[in-house]
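# Residue-level structure breakdown
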Amino acid sequence: MLVTFRIEDTHTQLHSTPAEISALELAALTRRLHASDIALDVDANEFGAAPLNFEINANSLSMAAFTACFDHRAEIIAIVEEAQFLGRTLRVRHLGRLAPITIEVSEHIALARDLMMGPDLAGKVLFALGRDNADAGELTLDSLRTLLQNHRTYDAFRGAKIMPIYDSLAYLAFTNCGEQRPVLAWAS
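This write-up is about the structure you can find in this document. (Residues numbered from 1 in each chain as written. Predicted model: local features only at pLDDT ≥ 70, side-chain atom pairs only at ≥ 80, totals over all residues. Heavy atoms only, no water.)

Let's shift gears to the layout of surface pockets. A volume near 640 Å³ is recorded for the largest pocket. Along the wall of the largest pocket there are 27 residues; nearest its centre are Arg6, Asp41, Glu55, His108 and Asp114. The set of elements that each furnish at least two residues to the lining of the largest pocket consists of β1 (3-8), β3 (41-42), β4 (54-57), β5 (88-94), β6 (101-109) and β9 (183-187). Residues belonging to the lining of the largest pocket are distributed by class as follows: 12 nonpolar, 6 polar and 9 charged. (1 Å grid on protein atoms, 1.4 Å probe; cavity = no way out; pocket = protein on both sides within 12 Å on 5 of 7 lines; lining within 4 Å. Points joined across faces, edges and corners; volume = space filled by probe spheres on them. Helix = DSSP H or I, 4+ residues; strand = E, 2+ residues; numbered from the N terminus. Nonpolar A, V, L, I, M, F, W, Y, C, P; charged D, E, K, R; others polar.)

Counting 28 residues, the largest nonpolar core has Phe5, Val125, Phe157 and Leu169 as the members making the most contacts within it. Among the elements of the structure, β1, β7 (115-117), α4 (119-128), α5 (141-149), α7 (163-173) and β9 are those that each provide at least two residues to this core. Counting residues per element, this core draws most heavily on α7, at 6 residues. Discounting chain neighbours no more than four positions away, the residues touching Val125 are Phe5, Met117, Phe157, Ile162, Ile165 and Leu169. Counting 25 residues, the second-largest nonpolar core is a separate cluster that includes Ile38, Leu61, Ala65 and Phe70. (Core = buried A, V, L, I, M, F, W, Y, C linked by side-chain atoms within 4.5 Å. Buried < 20%, exposed > 50% of the residue type's maximum accessible area, 1.4 Å probe, protein only. Contact = heavy atoms within 4.5 Å.)

Listed below in structure tokens is the structure:
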């Protein structure tokens, strides 16, 4: 099973609230995304062609293109605007057959790429960072920057022969997320 390292923010208070969307609106959105060749971050248990649970970079389409799929509803405009301003992804969620389909601002920061790796490599990375080989965890970006500036951490990455991961983490650690308080989170 892959371990994913990504930048998330669960602490910044959002001003928008999730909005319910219809199946027709979801179909219009997925058609627009497929026509624009925009990749969806589809949940593991979903089909790629017609997903019901996925994330999309809010800045991958213009505000007008996104909201046209929803007849320019005010609550959708507020969600897309906030996600674009914060550099986040939009989360489309359908929890069950009788549950509504919703769209919301995700906690995932879209400005930085996710790092996915096997459990052995992830274990080496976490060991080099001085963390237990846990299934899930998080580290503030400030803490990550401090760790990466420590010569012992650098030596641990070099000793494990995983310097490209060190470079990728350094890139993530210095991602400018504005006034948000993001963390590097990992989970399998």
